Amino acid sequence: MVIKIVANKDKKSLTLAVINQKGGVGKSTTSVNLGAALGELGKKTLVIDLDPQGNASSGFGVEKIAGMKSVYDGLVNDTSIQEILQETQCNNVTVVPAAIELAGAEPELANAIAREARLKDLLAPIRDEFDFILIDCPPSLGLLTVNALMAADKLLIPIQSEFYALEGLSKLLDTMKLVKVRLNQSLEIFGVVLTMFDQRTALANQVADEVRRFFGDKLFKTIIPRSVKLAEAPSYGQTILEYAPTSKGAIEYQNLAKEVIKRA
């Protein structure tokens, strides 16, 4: 299915790379549920699944069928973005799905012309038609992530409330600075969100204090709780707003969306 979108040159969009080189910190959960919450608030939102695991695609209930066009086709085969877009069951939310072939994209792009700008070029025809574009990044700092950093205006960093929360973030920030100097001068941190927070533990509160000291006002006030409902929702191909709309997780992602809109 080809979705035709006519870009509005006067409309300003914000593209956020949802990024952390650590796995299991809530990148896909945040991309899916923040995207859904932004859509519920009337913001036209595009979620790009740039992770070969395809968790964001699954979170929106995208069925991975043979011959399905994915972000891989756009990056490697120059398929137009209009042929890849898929509508979701969520209001105002469109997704660019991932497929398993994305795992082999980096070596295929290694010798490509303007390889770091493939995603930016892919999005160029439609990015002004969306209020927000969220890029769910893979848990690595390879070429796919560099493409996300090149295409993004700013970074949204989910950080799990655990002992090693800040470990390795210096490498991510170094990569951001390198991309900022050489490829994308406007790149900066938009915000940091604490995820999987268990307020009953002293450790979680200590981590929150440490992250707050490190990032200052970049840390969102909204904190995403550790939640069985949030973990269950993707297995049903639903966002938390659909699966458990009155749950604590749903409420906090709605609060995060309001913060994001205000900060934008």
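The model shown is predicted, which means the values in this text are computed figures rather than measured ones. (Residues numbered from 1 in each chain as written. Predicted model: local features only at pLDDT ≥ 70, side-chain atom pairs only at ≥ 80, totals over all residues. Heavy atoms only, no water.)

Visitor: Honestly, the overall build of the protein chain in this entry has me stumped. Any pointers?
Guide: A count of helices and strands for the protein chain gives 11 helices and 8 strands. For the protein chain, whose C-alpha radius of gyration is 17 Å, the value lies close to the compact-globule estimate of 18 Å for 264 residues. With the principal axes as the frame, the protein chain shows a C-alpha extent of 50 × 40 × 35 Å. For the protein chain, the proportion of its 264 residues judged to be buried stands at 55%. Of the roughly 12,000 Å² of accessible surface on the protein chain, a fraction of 50% belongs to carbon and sulfur atoms. One finds the centroid of the 30 positive side-chain charges in the protein chain at a distance of 6 Å from the centroid of its 31 negative side-chain charges. (Helix = DSSP H or I, 4+ residues; strand = E, 2+ residues; numbered from the N terminus. Rg over C-alpha atoms; globule rule 2.2 N^0.38 Å. Buried < 20%, exposed > 50% of the residue type's maximum accessible area, 1.4 Å probe, protein only. Areas by Shrake-Rupley, 256 points an atom, 1.4 Å probe, with all protein chains shown as cover. Lys, Arg positive; Asp, Glu negative; His and termini not counted. Charge placed at Lys NZ, Arg CZ, Asp CG, Glu CD.)

Visitor: Looking at this structure, how should I read the pattern of salt bridges?
Guide: Side chains that differ in charge, positive against negative, can pair when their charged atoms come close. Summed over the entire model, instances satisfying the criterion amount to 9 salt bridges. Of the charged contacts, one joins D78 and R118 as a salt bridge, the two residues approaching to 3.2 Å between their closest N and O atoms. In this pair, D78 is assigned in the loop between α3 (71-76) and β3 (86-87) and R118 in helix α5 (residues 118-123), connecting sequence segments 40 residues apart. When its relative accessible area of 57% is taken as the criterion, D78 is described as exposed. (Salt bridge = Lys/Arg side-chain N within 4 Å of Asp/Glu carboxyl O.)

Visitor: Before we go on, may I ask you to explain a nonpolar patch on the surface in this structure?
Guide: Where nonpolar side chains cluster on the molecular surface, the patch consists of F163, Y164 and L203 and spans about 330 Å² of accessible area. Inspection of the secondary structure puts F163 in the loop between β6 (154-160) and α7 (169-182). (Patch = residues over 30% accessible without salt bridge, like charges linked within 9 Å, V, L, I, M, F, W, Y side chains within 5 Å.)

Visitor: What exactly am I supposed to notice about the layout of surface pockets here?
Guide: The method is simple in principle: a probe with the dimensions of a water molecule rolls over the atoms, and the space it marks as empty is what remains. The computed volume of the largest pocket comes to approximately 510 Å³. Residue lining of the largest pocket: 27 residues in total, with G26, K27, S28, T29 and M196 positioned closest to the centre. Breaking the lining of the largest pocket down by element, the ones donating at least two residues are α1 (27-40), α2 (55-59), β7 (188-197), β8 (219-225) and α9 (228-232). Take the lining of the largest pocket: its biggest share by element is 5 residues, from α1. Taken together, the residues of the lining of the largest pocket break down into 10 nonpolar, 14 polar and 3 charged. (1 Å grid on protein atoms, 1.4 Å probe; cavity = no way out; pocket = protein on both sides within 12 Å on 5 of 7 lines; lining within 4 Å. Points joined across faces, edges and corners; volume = space filled by probe spheres on them. Nonpolar A, V, L, I, M, F, W, Y, C, P; charged D, E, K, R; others polar.)

Visitor: What exactly am I supposed to notice about helix α6 (residues 143-151) here?
Guide: Helical geometry note: an α-helix holds 3.6 residues per turn, so side chains three or four residues apart project in the same direction. In terms of burial, α6 is a largely internal element, 9 of the 9 residues being buried. Of all the positions in α6, only L143, L144, T145, V146, N147, A148, L149, M150 and A151 are classed as buried.

Visitor: Quick question: what am I supposed to make of the nonpolar core here?
Guide: Soluble globular proteins tend to pack their nonpolar side chains together in the buried interior. Within the largest apolar cluster, 53 residues are counted, with the highest numbers of intra-cluster contacts made by L119 and I159. Not counting residues within four places of it along the chain, the set of residues in contact with I159 comprises N20, A165, L166, L169, V192, V193, L194, T195, V211 and F215. In terms of nonpolar packing, the next biggest core, distinct from the first, is built from 32 residues, L14, L134, L241 and V260 among them. (Core = buried A, V, L, I, M, F, W, Y, C linked by side-chain atoms within 4.5 Å. Contact = heavy atoms within 4.5 Å.)

Visitor: Please clarify how the pairing of strand β4 (residues 93-96) should be interpreted in this entry.
Guide: Regular strands have side chains that alternate between both faces of the sheet. What you see with β4 is no split at all: V93 and V95 on one side and T94 and V96 on the other are buried throughout. Inspection of the sheet shows strand β2 (residues 45-49) paired to β4 by 4 bridges, in the parallel sense. What sits directly across from I48, in β4, is V96. By the bridge criterion, 2 bridges tie β3 to β4 in an arrangement that is antiparallel. Of the residues in β4, the one forming a bridge with Q86 is V95. Linking two consecutive strands that pair antiparallel, namely β3 and β4, is a turn of 5 residues; a positive phi of about 65° is found at N92 within it. (Pairing = 2+ DSSP bridges.)

Visitor: Explain the pairing of strand β5 (residues 132-136) to me, please; I cannot follow it from the model alone.
Guide: Among the 5 residues in β5, 5 count as buried, and that is most of the element. A two-sided burial pattern is seen for β5, the buried positions comprising F132, L134 and D136 on one face and I133 and I135 on the other. With 5 bridges joining them, strand β1 (residues 14-18) and β5 adopt parallel strand pairing. Bridge pairing links L14 to F132 in β5.

Visitor: Any chance you could explain the sheet that holds β1 here in plain terms?
Guide: Strands belonging to one sheet form pairs held by backbone hydrogen bonds; the direction of such a pair is parallel or antiparallel. Strand order in this open sheet of 8 strands is β3-β4-β2-β5-β1-β6-β7-β8, and the pairing throughout is mixed. A strand with exactly one partner marks an edge of an open sheet, and here the two such strands are β3 and β8. Contacts between α7 and the sheet are confined to β6 and β7, with β6 contributing the most and set at about 175° to the helix. Packing against the sheet, helix α8 (residues 202-215) makes contact with β6, β7 and β8, and its axis sits at approximately 175° to β7. (Axes fitted to C-alpha atoms, helices over the stretch in contact; angles between N-to-C directions.)

Visitor: How should I be thinking about the packing of aromatic side chains in this particular structure?
Guide: What describes a pair of aromatic rings is the distance from one ring centre to the other and the angle between the planes of the rings. Counted by the stated rule, this structure contains 4 aromatic pairs. Judged by centre distance (6.0 Å) and plane angle (55°), the rings of F190 and F220 are tilted. Placement of F190 in strand β7 and of F220 in strand β8 is noted, with a sequence separation of 30 residues between them. Looking at F190, the relative accessible area reads 4%, which means it is buried. (Phe/Tyr/Trp six-rings, centres within 6.5 Å; stacked < 30°, edge-to-face > 60°.)

Interpretation in functional terms is not warranted from these geometric data alone.
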